[in-house]
Amino acid sequence: MLEIVLISSLKVMVIMAAVLTGCAYATYMERKVVARLQHRVGPTYAGPYGLLQPIADAVKLIFKEDIVPNRVERITWGLAPLVSFVPALLTFIVVPFGADIELFGRQIKMVGSDLNIGILFILAVTSLGVYGIVLAGWSSGSKYSLMGGIRSSAQMISYEVGYGLSIIGVILVANTLSLRELVEQQASVGDWFIWRQPLGFILYLTCAIAETNRLPFDMPEAESELVGGYHTEYSSMRFAMFFMGEYANMLAVSAVGATLFFGGWQGPYLPPVVWFILKVFLFMFFYIWLRATFPRFRYDQLMAFGWKVLFPLALLNTMVTAALVML
Amino acid sequence: MPEQRTVTLNMGPQHPSTHGVLRVVVELDGERVVKVTPVVGYLHTGIEKTMESKLYYQALVCTDRMDYLAPMSNNLGYCLAVEKLMDIEVPEKVQWARVCLAELTRIKSHLVWLGTHSIDLGAMSMLLYTFRDRESIIDVYEACGGQRMMTSYIRIGGLAHELPVDFDKKVRRVVKQVNEGLADYENLLTNNEIFINRTRNVAVISAEDAIAWSLSGPMLRGSGVKHDLRKANPYSGYENFDFEIAYGKNGDAYDRYLLRLKEIRQSLRIINQALDGMPEGPYRARVPGVVLPPKEDVLYKMESMIFHFKIITEGFKAPVGSVYQAIESPKGEFGFLITGDGSNRPRRVRVRPPSFINLASLPRLVEGGMFSDVVCAIGSIDIVLGEVDR
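Residues numbered from 1 in each chain as written. Chains lettered and ligands numbered in written order. Predicted model: local features only at pLDDT ≥ 70, side-chain atom pairs only at ≥ 80, totals over all residues. Heavy atoms only, no water.

Along chain A, the regular secondary structure elements total 12 helices and 2 strands. Listed N to C, the secondary structure of chain A is α-α-α-β-β-α-α-α-α-α-α-α-α-α in terms of helices and strands. Here chain A has a C-alpha radius of gyration of 20 Å; the compact-globule value for 327 residues is 20 Å, and the two agree. A principal-axis box enclosing the C-alpha atoms of chain A has dimensions of 60 × 50 × 45 Å. Per-residue burial for chain A yields a buried fraction of 52% across its 327 residues. Taking contacts inside chain A between residues at least 6 apart in sequence as the whole, the part at least 24 apart equals 76%. (Helix = DSSP H or I, 4+ residues; strand = E, 2+ residues; numbered from the N terminus. Rg over C-alpha atoms; globule rule 2.2 N^0.38 Å. Buried < 20%, exposed > 50% of the residue type's maximum accessible area, 1.4 Å probe, protein only. Contact = heavy atoms within 4.5 Å.)

Now for helix α11 (residues 272-293) of chain A. Given 3.6 residues to a turn, an α-helix orients residues that are three or four positions apart in the same direction. Relative to the 32 Å expected for 22 residues at 1.5 Å per residue, α11 of chain A spans 32 Å between its end C-alpha atoms, a close match to the ideal helical length. Every buried residue of α11 of chain A is accounted for by Phe276, Lys279, Val280, Phe283, Met284, Tyr287, Ile288, Leu290 and Ala292 of chain A. Tucked inside the fold, the buried residues of α11 of chain A contact α1 (2-37), α8 (198-211) and α10 (236-261) of chain A together with α5 (125-145) of chain B. (Expected span 1.5 Å × (residues − 1).)

On the side of chain B, 35 residues touch chain A, which itself brings 27 residues to the contact. Summed over both partners, the interface of chain A with chain B buries about 2600 Å², with 59% contributed by carbon and sulfur atoms. Salt-bridge contacts for Arg298 of chain A lead to Asp373 of chain B; the nearest nitrogen and oxygen are separated by 2.9 Å. Our count for the contact surface shared by chain A and chain B stands at 11 residue pairs in polar contact (both at pLDDT 80 or more). Contributions of two or more residues to the side of chain A that touches chain B are made by α1, α5 (143-174), α9 (223-226), α11 and α12 (299-326) of chain A. (Buried area = accessible area lost by both parts, 1.4 Å probe. Salt bridge = Lys/Arg side-chain N within 4 Å of Asp/Glu carboxyl O. Polar contact = N/O pair within 3.5 Å; in protein donor to acceptor, adjacent residues only side chain to side chain.)

Turning to the sheet that holds strand β8 (residues 346-352) of chain B, a few remarks are in order. Residue and element names in this part refer to chain B. Reading across the sheet, the 3 strands line up as β6-β7-β8 and stay open at both edges, with antiparallel pairing between neighbours. Two strands bound the open sheet, and with one partner strand each, they are β6 (320-329) and β8. Strand-to-strand, the axes of this sheet are offset by a mean angle of 10°, without reference to chain direction. Here helix α3 (residues 71-86) sits on the sheet and contacts β6 and β7 (332-341); the angle it forms with β6, its principal contact strand, is near 150°. (Pairing = 2+ DSSP bridges. Axes fitted to C-alpha atoms, helices over the stretch in contact; angles between N-to-C directions.)

Residues and elements named next belong to chain B. Within β7, 8 of the 10 residues are buried, leaving the element largely enclosed by the surrounding structure. Note that β6 and β7 share 10 bridges and pair antiparallel. In the strand pairing of β7, Gln325 is matched with Phe336. With antiparallel pairing between neighbouring strands as the criterion, β6 and β7 make up a hairpin whose turn holds 2 residues. In this structure, the hairpin formed by β7 and β8 is closed by a connection of 4 residues, where Gly342 is found at a positive phi of approximately 90°.

This part takes up the packing of α8 of chain A against α10 of chain A. What describes two packed helices is the angle between their axes and the distance between those same axes. Residue and element names in this part refer to chain A. At their nearest, the axes of α8 and α10 sit 11 Å apart, and the two run at 175° to each other. With respect to α10, the element α8 is oriented roughly antiparallel. Where α8 abuts α10, its residues Gly200, Phe201, Tyr204 and Ala208 lie against Val253, Val256, Gly257, Leu260 and Phe261. Counted by class, the contact of α8 with α10 contains 7 nonpolar, 2 polar and no charged residues. (Parallel < 35°, antiparallel > 145°, perpendicular 65-115°, else oblique. Nonpolar A, V, L, I, M, F, W, Y, C, P; charged D, E, K, R; others polar.)

Here the structure, examined in full by the defined rule, presents 24 aromatic pairs over all chains. Where Trp307 of chain A meets Phe311 of chain A, the ring centres are 5.4 Å apart and the plane angle is 70°; that geometry is what we call edge-to-face. Placement of the pair is Trp307 of chain A and Phe311 of chain A together in helix α12, with a separation of 4 residues, close to one helical turn. Between Phe334 of chain B and Phe336 of chain B, the ring centres sit 5.4 Å apart and the planes meet at 75°, which makes this aromatic pair edge-to-face. Comparing Phe334 of chain B with Phe336 of chain B, the two get one shared label, buried. The side chain of Arg260 of chain B reaches across the aromatic face of Trp113 of chain B, ending 4.4 Å from its centre. Over the ring of Phe356 of chain B we find Arg390 of chain B; its NZ or CZ atom is 5.9 Å from the centre of that ring. (Phe/Tyr/Trp six-rings, centres within 6.5 Å; stacked < 30°, edge-to-face > 60°. Lys NZ or Arg CZ within 6 Å of the ring centre and 35° of its normal.)

Okay, helix α2 (residues 53-63) of chain A next. All names here are of chain A. Looking only at α2, the buried set comprises Gln53, Pro54 and Leu61. Take α2 and look down its axis: the buried residues cluster within an arc of 100°, on one side only. On its buried face, α2 sits against α1 and α10. (Arc of directions from axis to C-beta.)

What follows concerns the packing of helix α4 (residues 92-120) of chain B against helix α6 (residues 167-190) of chain B. All names here are of chain B. Look at α4 against α6: their axes get within 12 Å of each other, and the N-to-C directions meet at 30°. Classified by the angle their axes make, α4 and α6 are roughly parallel. Relative to α6, the crossing made by α4 is left-handed. On α6, the residues that touch Cys100, Leu101, Leu104, Ile107, Leu111, Leu114 and Ser118 of α4 are Phe167, Val171, Val174, Val178, Tyr185 and Leu189. Class assignment for the residues of the contact of α4 with α6 results in 12 nonpolar, 1 polar and no charged. (Left-handed = near helix turned anticlockwise from the far one by under 90°.)

Residue and element names in this part refer to chain B. One pass over the full model with this rule turns up 38 salt bridges over all chains. With a closest N to O distance of 2.9 Å, Arg348 and Glu52 form a salt bridge. In this pair, Arg348 sits in strand β8 while Glu52 sits in helix α1 (residues 47-52), placing the two residues 296 residues apart along the sequence. One salt bridge connects Arg200 with Asp252, and the closest N-O pair in it is separated by 3.0 Å. Pair noted here: Arg200 is in the loop between α7 (193-199) and α8 (207-212) and Asp252 is in the loop between α10 (229-232) and α11 (253-276), with a separation of 52 residues, a long-range link.

Scope: geometric values only; no functional claims are made or implied.
Rendered as structure tokens:
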């Protein structure tokens, strides 16, 4: 018993540490890549190639004054950053990041918790993240924040449907809800589910961007209209929490995407963990690339796109896949 | 008490996309805009009044600070007005150089517009690209007048100095760079579905309305009215150049975007012609007692030295009378009404500010639209608060 507790808590600690570092370096990567795409150089001062920049940022944000505006609802306002951050972290518990290894004569699974309903768990948990944004928008006592919150709840609900449906295709093909089994089914490149679910993959990618509030779907923030939206009134670490939440979310959907469509940690020569990280950051690169390229949708266009394009396509994909699987 | 169904949102004066300190009071019904009231005056510096207390040549520096994104255009407008009042003929070379610089300024102003408008719509890379190209134009400014923004290079009766020796080479490099840049911008935006969605049929104004609201510049031509002062009422030798007026059709933000890109291309055309045909000659008119004599004369000739001293210390006296001279600045009709009263200071200086008048049409452009369109419309009008508030 003690053994299981020990192993589990160790695994959780390692995963958390890895994800938090990943978040920090995702910001570094974003700044560097966007800078390069825009004829700039990005951070260079902190450490070699600016590699210590995320740490410098964190230190700065921790020492910033924590300003609490008078009109906020204290409790919900304080909770909101946590609510948006924690669900993003929880996703990683069920994502496998390597093959089983043997350590001290014991078989250890390289996954936080091998749930047999992994995908359902992910869907359930990622949906919770929106509460953080809604609560933040509502409790800030600012009209800009409120609009950001309302926009984001509408957007999340719309895109959650497409997100879920795009995954169902894979589940139908694989006939399992466990992420570990999903990965095992995609042993070689030819077995990757992206070949069997190309439309599903595109839908997943699109909905995932909307899920994580990234450009071109960054309605809730829309700094040129809403001056930051739901996090306008936040400062210091509370503000940082939202951003860590956003990056953790990006990493989460990237990790899930890599697992569902690109064979997760499977790959030749390199160790599985490296393959996993590579695939995740490939997704991240794609997001960053999009951000540097596209303008933002307008709110009504975003909703129309979600319900009139993505939703029917996702339904179609599900039905066709189901029919093919039946045959 | 009636039930309140709308939310009043105060946008600005500190807001990322009001292009300065414009304040817009927006009444919203959900995401829909019911009423929009632009509030101006946060950057009022009394430039017109200040100019009235300055000598004619001193007042010039105030003009840079109005539309600070197009300083050379403002200089040109003011100098042309004073030259009209004083009845000064400038040498041909000055005219060509002024046209060249004014068109460079148009490109520079349009590049800033393109960058800020795109970042308002969320396309953030555009800002960096356009500013990269704008930088090369500023380098030309620096080579000419020593200043990068507040140039005051175009002076009454000519230019401040001779054009720099490598002017031709520098400007040709700018032309090349902007040409290459334009291809990038078109790739990124012109056929971009999201960009088209955001700007097509947004902030629409019909040709009749545009005339009725006395709009000018791209705002007017975007609606299909072919009116450009460079053609309609040529100044500074624009009649010698071969170029076309760009105009739109629907009067929406997308048309104005296409139009401004076309204008940049036409400006490049004019600049090429100006460089090819740049005549030789003095860089200043010779009008004793009004325009500064050449520096070498000041050093060796008694009369020149006296004139130089007198112009610097007490300026020149302008005749009694009013003149109005308008130019086609990047933002529209930029006019100066100058009234002389026989003294060495203008009695009255009144500016016709294009972006102030264009801004007045904002409620008409966005009422009934979505909240995000307000940002798009403000960007599309292309305002500079320095000029709106003066």
